[in-house]
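Here's the letter readout for the chains.
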Amino acid sequence: MGIEHSPKGSAESADSGSAATTAPTLIGSVQRALRLVEAMYAEGGATAKRLSRLTGIPLPTVYHLLRTLSHEGYVQREGGAFRLSDDVPLAS
């Protein structure tokens, strides 16, 4: 997709002077939703099945995440394809 992500467990500590570093607490559902957003951006839109294949996220989970992203105004469905909304509701 053209976007590289740090592997799990490779995050650097916010306090670089600390002798003991701890991995940040990450929320998997947010990470999966962001993978979908990235895939839709890269593809310009895709079916849920294609998004599942591209991201490795199980199809039922893709549908749940797309439903939520759609409800919040980030995603539009056109026929069988999902794409990012033209007016993504980001804070300015």
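What comes next is a walk through the structure. Predicted model only: the values in this text are computed from it and were never measured.

Digging into the packing of helix H1 (residues 28-43) against helix H2 (residues 48-55)
Right, on to step 1. At a minimum axis distance of 10 Å, the contact between H1 and H2 shows a crossing angle of 110 degrees. Judged by the inter-axis angle, H1 sits roughly perpendicular to H2. Viewed along their axes, H1 and H2 form a crossing whose handedness is right-handed. Along the contact surface, H1 presents Arg35, Leu36, Ala39, Met40 and Glu43, while H2 presents Arg50, Leu51, Leu54 and Thr55.

Thoughts on the nonpolar core
A general tendency of soluble globular proteins is for nonpolar side chains to be buried together.
Right, on to step 1. Core analysis: the biggest nonpolar cluster contains 14 residues, and Leu36, Met40, Leu51, Val62, Leu66, Val75 and Phe82 have the highest contact counts within it.
Right, on to step 2. Only H1, H2 and helix H3 (59-71) provide two or more residues apiece to this core.
Right, on to step 3. Ignoring any residue separated from it by four or fewer positions in sequence, one finds Met40 in contact with Gly45, Leu51, Leu66, Leu69, Val75, Phe82, Arg83 and Leu84.

Topic: the pattern of salt bridges
Right, on to step 1. Under the defined criterion, the tally for this structure stands at four salt bridges.
Right, on to step 2. Between Glu43 and Arg50 there is a salt bridge whose closest N-O contact spans 3.3 Å.
Right, on to step 3. Given the relative accessible area of 38%, Arg50 is considered partly exposed.
Right, on to step 4. Via salt bridges that share partners, Glu78, Arg83 and Asp86 belong to a single interconnected network.

Reading the values: rules and limits
Residues numbered from 1 in each chain as written. Predicted model: local features only at pLDDT ≥ 70, side-chain atom pairs only at ≥ 80, totals over all residues. Heavy atoms only, no water. Axes fitted to C-alpha atoms, helices over the stretch in contact; angles between N-to-C directions. Helix = DSSP H or I, 4+ residues; strand = E, 2+ residues; numbered from the N terminus. Parallel < 35°, antiparallel > 145°, perpendicular 65-115°, else oblique. Left-handed = near helix turned anticlockwise from the far one by under 90°. Contact = heavy atoms within 4.5 Å. Core = buried A, V, L, I, M, F, W, Y, C linked by side-chain atoms within 4.5 Å. Buried < 20%, exposed > 50% of the residue type's maximum accessible area, 1.4 Å probe, protein only. Salt bridge = Lys/Arg side-chain N within 4 Å of Asp/Glu carboxyl O.

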